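Descriptive structure summary
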Amino acid sequence: MSLRVQAEADLAVTLEASTDFGEPFTLTDPSEFASAEQLYGAVGDIGQVLDVDTGQAVSGRHATLTARIATLTAAGYTNLPEGIADAASKPWLVDFAGVSTASQRYKVVQSFPDRTLGLITMILAFWNPAAA
Amino acid sequence: MPTVLTALIDKQDNFEVVRDQIAALINLNQAAQVILATAAAEPDPSLWKLRVFTERAQPWEQVLNEPEKPLAEQDLSPIVNVWYENGTFPEAQGDTVKRQAHTATYNVDVYGFGIDQDVVGGGHIPGDLTAVRNATRGIRLVRNILMAAENIYLQLRNKDGAALGPGVWQRWVQSITSFQPDLASESAHAVIGIRLALRVTFNEYSPQVDESNALETVHVDVQRASDGMLIVDAEYDFT
């Protein structure tokens with residue numbers, strides 16, 4: 001077993017173990033398929049400051065999810081998550097809770113697959129449910 | 001020993017008055033537009049709403065901690081920040097003792113926010129698109145308000161006998177520029193900034209100028225004689 005294959009296998013511990021850094025999340029693809037199996041990965045949602053070049057900052061948040069590609073494939077996802085720009089389509093959606101806050105839904109805006117180590121990092125945006 | 005001023009400088013300079021007037025005109029008119037939109041039975045009168053501020057420098061924190069609110073409860077109306085950037089004082093348009101023309105540039109920055117929104121029946125409204133539409137709608141309202149005929153002189157034109165005021169000569173939209181956060185920001189909500197730079201020329205007065213007699217009164221009657229000749233009678237008040 002090569003070191004790279006070993007490193008990918010280690011993701012089960014370093015990325016997904018719920019006793020370590022693994023946090024539960026739900027992933028919904030554009031066809032609205034969501035794996036029934038509980039998925040785990042590294043989640044983040046932190047404050048940041050945006051500079052829109054006007055000389056005045058805007059407060060923002062930077063939300064991310066990192067997941068193991070092999071786990072997503074095994075869970076039934078046929079494609080890797082990606083940002084969907086087409087307004088006529090549903091985007092990839094992610095749900096996870098903060099360490100002390102309720103679960104929140106996000107849209108996948110951008111994804112960075114790391115095919116060397118077998119993981120994918122998703123940049124997330126706030127998601128508003130449909131108006132009643 | 002140099003002479004010191006013996007009177008308290010307790011006035012506002014006119015560049016401050018003009019800045020506040022720009023903000024007041026935008027604020028009053030956005031409120032009026034919401035009322036007009038309601039009267040016109042527009043489906044969403046809040047699209048005419050602006051949140052107006054002056055000289056704010058601390059970060060905008062809107063759309064930060066309650067993004068999961070339904071859109072109907074989320075106030076995504078554009079933010080407007082009016083601030084003075086710079087001014088020049090042309091020597092040919094003033095005197096060294098009393099009055100100096102001040103050509104100032106005010107930035108009217110409009111911030112549009114957007115959150116990705118689900119659509120019943122399929123598709124979604126991308127947040128980046130919403131942010132741009134909100135910002136451009138905001139700058140559209142600002143430009144139309146400031147360039148309306150009623151505001152040629154920002155309603156600060158001095159009139160005969162009026163107290164000393166800015167005596168605005170001209171206002172002109174110098175430029176409109178769009179900004180976007182840099183690529184590395186990757187924020188969870190979309191923000192777009194658009195700047196309308198407004199150039200305004202008005203008077204500044206030296207502190208010793210007495211507001212009560214800052215303007216000299218000149219009465220002029222223009223009459224046309226039967227042969228078409230114009231006769232001008234001017235009356236100067238020397239008292």
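Residues numbered from 1 in each chain as written. Chains lettered and ligands numbered in written order. Predicted model: local features only at pLDDT ≥ 70, side-chain atom pairs only at ≥ 80, totals over all residues. Heavy atoms only, no water.

1. A few points about the interface of chain B and chain A
Listed per partner, the contact involves 40 residues of chain B and 34 residues of chain A. Both faces considered, chain B and chain A share a buried interface measuring about 3200 Å² in area, 53% of it formed by carbon and sulfur atoms. In this structure, Lys107(A) engages Asp116(B) in a salt bridge whose closest nitrogen and oxygen atoms are separated by 2.7 Å. For the pair chain B and chain A, the number of links is 24 residue pairs in polar contact (both at pLDDT 80 or more). Taken together, the elements giving at least two residues each to the side of chain B that touches chain A come down to strand S2 (79–88), strand S3 (99–114), strand S4 (116–118) and strand S7 (190–205) of chain B. The class makeup of the residues in the side of chain B that touches chain A is 19 nonpolar, 11 polar and 10 charged. Inspection of the sheet shows strand S6 (residues 119–128) of chain A paired to S4(B) by two bridges, in the parallel sense. Bridge pairing links Trp127(A) to Asp116(B) in S4(B). (Contact = heavy atoms within 4.5 Å. Buried area = accessible area lost by both parts, 1.4 Å probe. Salt bridge = Lys/Arg side-chain N within 4 Å of Asp/Glu carboxyl O. Polar contact = N/O pair within 3.5 Å; in protein donor to acceptor, adjacent residues only side chain to side chain. Helix = DSSP H or I, 4+ residues; strand = E, 2+ residues; numbered from the N terminus. Nonpolar A, V, L, I, M, F, W, Y, C, P; charged D, E, K, R; others polar. Pairing = 2+ DSSP bridges.)

2. Description of the pattern of salt bridges
Residue and element names in this part refer to chain B. Using the criterion set out here, one finds 12 salt bridges over all chains in the structure. Here Arg19 makes a salt bridge to Glu55, at a shortest N to O gap of 3.4 Å. One end of the pair, Arg19, is in helix H1 (residues 14–39); the other, Glu55, is in the loop between strand S1 (51–54) and S2, with 36 residues separating them in the sequence. Arg19 gets classed as buried once you look at its relative accessible area, which sits at 15%. A relative accessible area of 34% means that Glu55 is categorised as partly exposed. (Buried < 20%, exposed > 50% of the residue type's maximum accessible area, 1.4 Å probe, protein only.)

3. Overview of the packing of aromatic side chains
Following the criterion strictly, the structure yields seven aromatic pairs over all chains and no others. Seen in terms of ring centroids, Phe96(A) and Tyr106(A) are 4.8 Å apart; in terms of plane orientation they differ by 15°. Their pairing is stacked. With Phe96(A) in strand S4 (residues 93–97) and Tyr106(A) in strand S5 (residues 103–114), the pair connects residues that are 10 residues apart, well separated along the chain. Look at Phe96(A) and you get buried, because its relative accessible area is 4%. Exposure remark for Tyr106(A): the relative accessible area of 2% places this residue in the buried category. When the centroid spacing of 5.0 Å and the interplanar angle of 55° are considered together, the rings of Phe53(B) and Trp60(B) count as tilted. A connected cluster of aromatic rings, assembled from ring pairs, spans Phe33(A), Tyr77(A) and Trp92(A). One residue, Arg157(B), lies across the ring of Tyr153(B), its end atom 4.5 Å from the ring centre. (Phe/Tyr/Trp six-rings, centres within 6.5 Å; stacked < 30°, edge-to-face > 60°. Lys NZ or Arg CZ within 6 Å of the ring centre and 35° of its normal.)

So yeah, pure geometry; function would need other evidence.
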